[in-house]
Amino acid sequence: MELILSFAKKDKRIRVMGMEGSRTNANVPKDEFQDYDVTYAVTDIESFKKEDKWLEYFGERIFMQKPEAMSLFPHELGNWFSYLYDDCCNEFWWVSTYVVKGLCRREILFTADHLNQIVRRELLRMISWKVGIETGFSLSVGKNYKYINKYINEDLWNRLLSTYRMDSCENIWESLFICYELFRTVSKEVSEVLDFVYPDYDKNITRYTENMYKKFSTYSY
């Protein structure tokens, strides 16, 4: 379902607003994770891109992602690896919230897919950069990271393998927390070596995850 509404005429830059998402669909079971996906159609997009102050009208944010501004695969950027590093962190923590939502709803296929296809991909990407730093970026870890076990210690390898248990919501909760620990540790190592700032995404998303876990999980992690 999609709603198209006229927006405030006093701001001539904004013409219409589109709204969709689970909260607009009466057939979707109600829970606290329902949301609105809002789209604004504007005639002057550049004024919105200059700065983000206008977003404050929507209230406090715990996290923000701007996919059109991300550079996981940049073409021409100064200090290009710093862009890749921050975007990897952003994607890992952002998509983790989808895993959490799926776990709270006990939607195991949705949850496992987001963890395995997106969150794990960023974790493996970060681990591969750790390997690159330690080997002078002189080798390949192979397609789908198939050789990565040859270049990391046994403890990291075993903990990584333990995150592939996704046959129940309880096991996915445990895998997610381990992914958090691994990503946090490895990304901080990378940031220290390359003199990058470890972004603050971790703090808010970890707090959110722990709160949802306490509220919805019956499993003692």
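Report on the accompanying structure. (Residues numbered from 1 in each chain as written. Predicted model: local features only at pLDDT ≥ 70, side-chain atom pairs only at ≥ 80, totals over all residues. Heavy atoms only, no water.)

1. Focus on a nonpolar patch on the surface
Taken together, the side chains of Leu139, Tyr147 and Tyr151 define a hydrophobic patch exposed on the protein surface, amounting to about 240 Å² of accessible area. For leucine 139, the location among the structural elements is in the loop between helix H3 (108-135) and helix H4 (154-162). Note on leucine 139: relative accessible area 35%, which makes it partly exposed. (Patch = residues over 30% accessible without salt bridge, like charges linked within 9 Å, V, L, I, M, F, W, Y side chains within 5 Å. Areas by Shrake-Rupley, 256 points an atom, 1.4 Å probe, with all protein chains shown as cover. Salt bridge = Lys/Arg side-chain N within 4 Å of Asp/Glu carboxyl O. Helix = DSSP H or I, 4+ residues; strand = E, 2+ residues; numbered from the N terminus. Buried < 20%, exposed > 50% of the residue type's maximum accessible area, 1.4 Å probe, protein only.)

2. Topic: the packing of H3 against helix H5 (residues 169-194)
At a minimum axis distance of 9 Å, the contact between H3 and H5 shows a crossing angle of 25°. Relative to H5, H3 is oriented roughly parallel. The way H3 lies across H5 gives a crossing that is left-handed. Here the contact of H3 with H5 is built from residues that sort into 18 nonpolar, three polar and three charged. (Axes fitted to C-alpha atoms, helices over the stretch in contact; angles between N-to-C directions. Parallel < 35°, antiparallel > 145°, perpendicular 65-115°, else oblique. Left-handed = near helix turned anticlockwise from the far one by under 90°. Nonpolar A, V, L, I, M, F, W, Y, C, P; charged D, E, K, R; others polar.)

3. Some words on the packing of aromatic side chains
All told, the structure shown has 11 aromatic pairs when counted by the stated rule. Aromatic side chains tryptophan 173 and phenylalanine 177 sit 6.1 Å apart centroid to centroid with 20° between the ring planes, which places their arrangement in the stacked category. Of the two residues, tryptophan 173 and phenylalanine 177 are both situated in helix H5; the distance of four residues between them amounts to about one turn of the helix. Side by side, tryptophan 173 and phenylalanine 177 carry an identical accessibility label, which is buried. A ring pair is formed by phenylalanine 177 and tyrosine 213, whose centres lie 5.2 Å apart and whose planes are at 90°; its orientation type is edge-to-face. With phenylalanine 177 in helix H5 and tyrosine 213 in helix H6 (residues 201-216), the pair connects residues that are 36 residues apart, well separated along the chain. Given a relative accessible area of 12%, tyrosine 213 falls into the buried group. Three or more aromatic residues link up through ring pairs in this structure, and these residues are Phe92, Trp93, Trp173, Phe177, Tyr180, Phe183 and Tyr213. Arginine 120 extends its terminal NZ or CZ atom over the ring of tyrosine 164, reaching a point 3.6 Å from the ring centre. (Phe/Tyr/Trp six-rings, centres within 6.5 Å; stacked < 30°, edge-to-face > 60°. Lys NZ or Arg CZ within 6 Å of the ring centre and 35° of its normal.)

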